[in-house]
Amino acid sequence: MNLSLRSASKYDKKSKRRVTAIYFLLFVLILSAKIAPREIISHRFSPYMDQYLAATETSSDGDVYIQGKAVVIDAYNNKLDLAHFSLNKDRFASKPEEASTIILLYRSLNNAGRYTSGGEAWMEKCIYSIIDAKAGRIIHQGEFHSEAVPYSTYNYSESRYINYNEVIDYFNDLKIK
């Protein structure tokens, strides 16, 4: 009887290890399934970055819109911005051929002053350009700003960042032309 109890407990340990290993593999597969499509999509757009950043002619017709599907570019790093993957499916370009609109984001963290404690105040700014890729012209430009930093602080430094859900909501709410 004693032997069977020992073998049962060994079996339980082995089965627990197997179950843990299976859960770990499932976790890795799920995580890679979420990351891999972003990497694949990003890689598809890499050869087109110079072309996307080339538009300089500005001729706004008053309406702010998205022509077809869009691609959101981090203009400083010449790559897809994470905001691209948050676009609604009806606006999300998954291949370069689908990109009729280019949204360039120029993000920066700017010094807004110095506190009496010696710390610095920082505010984030995001300048965006919406480009009609077929026409090769900038149809709209604008800015997003973070909240103002507090007048005084107990911290040495204070930084405020843009709420990117608001940025994404703005692009998702634009009319599609």
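For the structure itself, consult the block above.
Note that the coordinates shown come from a computational prediction; the quantities given were computed from them, not determined experimentally.

Novice: I tried to follow the overall build of the protein on my own but got confused; where do I start?
Specialist: Across its full length, the protein holds three helices and eight strands. Helices and strands in the protein line up, N terminus first, as α-α-β-β-β-β-β-β-β-α-β. Burial analysis of the protein (177 residues in total) assigns 32% to the buried set. Accessible surface computed for the protein: about 11700 Å², of which carbon and sulfur atoms make up 55%.

Novice: What exactly am I supposed to notice about the environment of Pro47 here?
Specialist: As for its placement among the helices and strands, Pro47 is situated in the loop between α1 (2-45) and α2 (49-52). With 49 residues separating them in the primary sequence, Pro47 and Pro96 have C-alpha atoms 9.3 Å apart.

Novice: Even after reading the chapter, I still don't get the packing of aromatic side chains, so can you show me in this structure?
Specialist: Each aromatic ring pair is summarised here by two numbers: the centre-to-centre distance and the angle between the ring planes. If you walk through the whole model with that rule in mind, you get eight aromatic pairs. Ring centres of Tyr76 and Tyr106 lie 5.6 Å apart, and the angle between their planes is 80 degrees; this geometry places the pair in the edge-to-face category. Within this pair, whereas Tyr76 is found in the loop between β2 (69-74) and β3 (79-80), its partner Tyr106 is found in strand β4 (residues 99-114), the two being separated by 30 residues in sequence. Residue classification places Tyr106 among the partly exposed residues on the basis of a relative accessible area of 26%. Taken together, a centroid distance of 6.1 Å and an interplanar angle of 50 degrees make the contact between Phe85 and Phe92 tilted. Both residues of the pair, Phe85 and Phe92, count as buried. Following the ring pairs from residue to residue traces out a cluster consisting of Tyr128, Phe144, Tyr170 and Phe171. Between the NZ or CZ atom of Arg107 and the centre of the ring of Tyr164, over which it lies, the distance is 4.1 Å. Above the face of the Tyr65 ring, Lys177 is positioned so that its terminal group lies 4.3 Å from the ring centre.

Novice: Where do I start with the layout of surface pockets in this structure?
Specialist: Sizing a probe to match a water molecule and rolling it over the atoms shows the empty space that remains. Roughly 150 Å³ of volume is contained in the largest pocket. The dominant element in the lining of the largest pocket, judged by the number of residues it contributes, is β4, at three residues. Of the residues in the lining of the largest pocket, the class split is six nonpolar, five polar and one charged.

Criteria and cut-off values
Residues numbered from 1 in each chain as written. Predicted model: local features only at pLDDT ≥ 70, side-chain atom pairs only at ≥ 80, totals over all residues. Heavy atoms only, no water. Helix = DSSP H or I, 4+ residues; strand = E, 2+ residues; numbered from the N terminus. Buried < 20%, exposed > 50% of the residue type's maximum accessible area, 1.4 Å probe, protein only. Areas by Shrake-Rupley, 256 points an atom, 1.4 Å probe, with all protein chains shown as cover. Phe/Tyr/Trp six-rings, centres within 6.5 Å; stacked < 30°, edge-to-face > 60°. Lys NZ or Arg CZ within 6 Å of the ring centre and 35° of its normal. 1 Å grid on protein atoms, 1.4 Å probe; cavity = no way out; pocket = protein on both sides within 12 Å on 5 of 7 lines; lining within 4 Å. Points joined across faces, edges and corners; volume = space filled by probe spheres on them. Nonpolar A, V, L, I, M, F, W, Y, C, P; charged D, E, K, R; others polar.

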